[in-house]
Amino acid sequence: MRSKTLGINVRVTAAEKEKLIQNANFCSLSLSEYLRRLGLGKDIEATIREKDYRVFRLLKQLKSDTGLLEKDEIIRRIDLVLEELQK
């Protein structure tokens, strides 16, 4: 049986929601658990650095698009990954 039965509605912008979801994902938490822990002052630790996550997403997208892209576009995207790694 679920012990958590009450909900809290919070209004945010689309960008704020996306950032909250991203931050929760970095911590391997659901959005609800992430917000609950933040609100209750509990420790939250990222399981992956944001930079590493951005590089991972760029590489994953490149892999899925490779068959559709021209050589120059593939090189451009690899350069984006390299730039991200150098930050």
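These numbers come from a predicted model, not from an experiment.

(A) How the structure looks around the layout of surface pockets. Taken as a whole, the largest pocket holds about 550 Å³ of empty space. Put simply, the parts of the chain that give the lining of the largest pocket at least two residues each are helix H1 (14-26) and helix H2 (31-39). Its residues placed into classes, the lining of the largest pocket shows 7 nonpolar, 4 polar and 4 charged.

(B) The arrangement of a nonpolar patch on the surface in detail. There is a patch of nonpolar side chains on the surface, built from Ile 8, Val 10 and Val 12 and spanning about 320 Å² of accessible area. Position of Val 12 among the secondary structure elements: in the segment before H1. Exposure remark for Val 12: the relative accessible area of 39% places this residue in the partly exposed category.

(C) Here's a closer look at the pattern of salt bridges. Applying the stated criterion across every chain yields a total of 6 salt bridges. The partner of Arg 37 in a salt bridge is Glu 33, and the shortest N-O contact between them spans 2.8 Å. Of this pair, Arg 37 and Glu 33 are both found in helix H2, 4 residues apart, which corresponds to roughly one turn of the helix. Taking the relative accessible area as the measure of exposure, Arg 37 reaches 29% and is therefore partly exposed. Arg 54 is the salt-bridge partner of Glu 84, the closest N and O atoms lying 2.5 Å from each other. In this pair, Glu 84 is assigned in helix H4 (residues 71-86) and Arg 54 in helix H3 (residues 50-65), connecting sequence segments 30 residues apart.

Criteria and thresholds
Residues numbered from 1 in each chain as written. Predicted model: local features only at pLDDT ≥ 70, side-chain atom pairs only at ≥ 80, totals over all residues. Heavy atoms only, no water. 1 Å grid on protein atoms, 1.4 Å probe; cavity = no way out; pocket = protein on both sides within 12 Å on 5 of 7 lines; lining within 4 Å. Points joined across faces, edges and corners; volume = space filled by probe spheres on them. Helix = DSSP H or I, 4+ residues; strand = E, 2+ residues; numbered from the N terminus. Nonpolar A, V, L, I, M, F, W, Y, C, P; charged D, E, K, R; others polar. Patch = residues over 30% accessible without salt bridge, like charges linked within 9 Å, V, L, I, M, F, W, Y side chains within 5 Å. Areas by Shrake-Rupley, 256 points an atom, 1.4 Å probe, with all protein chains shown as cover. Salt bridge = Lys/Arg side-chain N within 4 Å of Asp/Glu carboxyl O. Buried < 20%, exposed > 50% of the residue type's maximum accessible area, 1.4 Å probe, protein only.

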